[in-house]
Amino acid sequence: MKDDYRNYLFEHYLNVVNRYKPKVFIFENVPGLLSAMPDGTPITRLIRQGFEGIGYEIVDDLKAYAKINASDYGVPQHRERLIILGIRKNICEKPQEILHDFYKNILPKYKSKTKKTVEEAIGDLPALYPIITEKTSLKRIGYTKSECNITWHKARHHSLRDVEIYGMLAEDILSGENKYADSKSLSELYEERVGAKSPIHRYHVLRKDEPSTTIISHLDRDGNRFIHYDPKQCRDITPREAARIQSFDDDFDFIGNQTDTYIMIGNAVPPILAKCVGGAVAEILDML
């Protein structure tokens, strides 16, 4: 962490804000920023000092105000993020009052009345089933192709071992048996089937009647924590399913290979959340 350049990427953002000097800005990042201290100094302190140094003010208590969950805003996914609004101090007398109003009253108006579930997001996409024959026992298994015209709805290949585990875990949830519903049993399963211990459990089936867990860029290498809820499909989610859980429209295409696409989707700000924040910021601009 101490030598990770990403801790200081905000300095480049400061340069951009300082160059163009907008009335307001939005800075989005992960909640881990609240506790990050790679060199012993809290990153949030450096960010606050940096913005103040170029004439901007952010809310006085980031932990109390700036952390939000995308699932509250119509995104079918639990995704906590910091949304930091900055206001140029020379355009208003009491920026803190406006900042408090933004987080307490304006942005919450854009919350959804209900949380969108995984099934609502991806349930209408064509099912993709594993193609298993006598000759596939030692090979990576492919899946049936989608007959729809939606891009990136294609499953990656899995080993026979993973196919069996995915189906078993999804069936466990669907049946209500919940034999593998806790971290201990999942870790034991991983050790039994893979032959290696892991400090964290490696498997998670997406619950169809709940928002998804956070879509991450690591999905490009490992889909074990994003197993499809249908036990007959025995797979992790496709790039298009991940994109839908991130709230991308189907006509949004991704350029690159499948690995690139998973990374882009995992790193993205959910468009629906961005729209909500944009609407709230527009109201702030009307006030200034």
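Cut-off values and rules
Residues numbered from 1 in each chain as written. Predicted model: local features only at pLDDT ≥ 70, side-chain atom pairs only at ≥ 80, totals over all residues. Heavy atoms only, no water. Helix = DSSP H or I, 4+ residues; strand = E, 2+ residues; numbered from the N terminus. Contact = heavy atoms within 4.5 Å. Polar contact = N/O pair within 3.5 Å; in protein donor to acceptor, adjacent residues only side chain to side chain. Salt bridge = Lys/Arg side-chain N within 4 Å of Asp/Glu carboxyl O. Buried < 20%, exposed > 50% of the residue type's maximum accessible area, 1.4 Å probe, protein only.

Trainee: What is the right way to look at the environment of Val17 in this model?
Mentor: With respect to the helices and strands, Val17 occurs in helix H1 (residues 10-20). Considered as a pair, Val17 and Tyr56 are 39 residues apart in the sequence and their alpha carbons are 9.4 Å apart. Each residue touching Val17, except ones within four places of it in the same chain, is listed here: Pro22, Phe25, Ile54 and Tyr56.

Trainee: Help me understand the side chain of Ser71 in this model?
Mentor: Counting through the fold element by element, Ser71 comes out in the loop between strand E3 (67-69) and strand E4 (80-88). At a separation of 3.0 Å, a polar atom in the side chain of Ser71 contacts the side chain of Lys115. Setting aside its immediate chain neighbours within four residues, Ser71 contacts Gln77, His78, Lys115 and Pro211.

Trainee: Before we go on, may I ask you to explain the pattern of salt bridges in this structure?
Mentor: In a structure, side chains of opposite charge can pair up when their charged atoms sit close to one another. Following the criterion strictly, the structure yields 12 salt bridges and no others. Ionic pairing is found between Glu188 and Lys184, a salt bridge with its closest N-O pair at 2.5 Å. Of this pair, Glu188 and Lys184 are both found in helix H7 (residues 183-194), four residues apart, which corresponds to roughly one turn of the helix. A relative accessible area of 41% means that Glu188 is categorised as partly exposed. Accessibility expressed as a relative area gives 57% for Lys184, which makes it exposed.

Trainee: Help me out: how do you make sense of unusual backbone geometry in this one?
Mentor: Apart from glycine, the bulk of residues carry a negative phi angle, and the bulk of peptide bonds sit in the trans form. Positioned with a positive phi, Cys234 is a non-glycine residue whose angle comes to about 50°. Counting through the fold element by element, Cys234 comes out in the loop between H7 and helix H8 (239-245). Residue classification places Cys234 among the buried positions, given a relative accessible area of 12%. One non-glycine residue with positive phi stands out, namely Ser247, at about 80°. Examined against the element boundaries, Ser247 turns out to sit in the loop between H8 and helix H9 (258-267). Judged by its relative accessible area of 9%, Ser247 falls in the buried class.

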